[in-house]
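# Summary of structural features
This is what each chain is made of:
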Amino acid sequence: MKRTRVMCAIGLSAALLAGCAGQQSRVEYIGAQKARELALEASGLTASEVTFSETDLSSRNDKDYYLVSFTAEGADYQYDVDALTGIVIESR
């Protein structure tokens, strides 16, 4: 009888844990287009003034970010935009 209870408890625990694993929240990134818009806003330039060269999703120190690169009037710009919050992490 005691063994039956233990086996039932183990089975129930396994079922509960399996259900919890399937309900993890999905991370939503802002997207490359939004990252470009935020980089432009930070630069003070408009889309018609720049030529984008890349917008890549990267990771550093367990933080995902978009590397947005563009040129305007002969100058190169690069912005790292947090992929979750949209905050500009770095500009150069």
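Because the structure is a prediction, the values reported are computed rather than measured.

Quick look at the overall build of the protein chain now. The helix and strand tally for the protein chain stands at 2 helices and 4 strands. For the protein chain, the succession of helices and strands along the chain, N to C, is α-α-β-β-β-β. The 92 residues of the protein chain split such that 23% are buried. Within the protein chain, counting contacts between residues at least 6 apart in sequence, those at least 24 apart form 36% of the total. Total accessible area on the protein chain is roughly 6700 Å²; 53% of this is exposed by carbon and sulfur atoms.

It is worth spelling out the packing of aromatic side chains at this point. Overall, the coordinates contain 3 aromatic pairs when judged by the stated rule. Their ring planes at 65° and their centres at 5.5 Å tell us that Phe52 and Phe70 sit as a pair that is edge-to-face. Linking Phe52 in strand β1 (residues 51–60) with Phe70 in strand β2 (residues 63–72), this pair joins segments that are 18 residues apart in sequence. Accessibility expressed as a relative area gives 1% for Phe70, which makes it buried. Ring centres of Phe70 and Tyr79 lie 5.9 Å apart, and the angle between their planes is 5°; this geometry places the pair in the stacked category. With relative accessibility at 8%, the residue Tyr79 sits in the buried group. Of note, Arg36 hangs over the ring of Phe52, and the distance from its end group to the ring centre comes to 4.4 Å.

Calculation criteria
Sequence order sets the numbering: in each chain, residues are counted from 1 along the sequence as written. Two thresholds apply to this predicted model, a pLDDT of at least 70 for residue-level local features and 80 or more for giving and counting side-chain atom pairs, whereas whole-chain, interface and lining totals are computed over all residues. Hydrogens and water are ignored here; the side-chain numbers use all heavy atoms of the structure. Secondary structure elements are taken from DSSP: a helix is a run of H or I of four residues or more, a strand is a run of E of two residues or more, and numbering for both begins at the N terminus. Residue exposure (1.4 Å probe, protein chains only): buried if accessible area is under 20% of the type maximum, exposed if over 50%, otherwise partly exposed. We call two residues in contact whenever any of their non-hydrogen atoms come within 4.5 Å of each other. In these tables, accessible area is a Shrake-Rupley quantity obtained with a 1.4 Å probe, and a residue counts as shielded only by the protein chains included in the view. We call Phe, Tyr and Trp rings a pair once their centres come within 6.5 Å, taking the six-membered ring for Trp, and we label the pair stacked below 30 degrees between planes, edge-to-face above 60, and tilted otherwise. Any Lys NZ or Arg CZ that is within 6 Å of a ring centre and within 35 degrees of that ring's normal is treated as a charge sitting over the ring.

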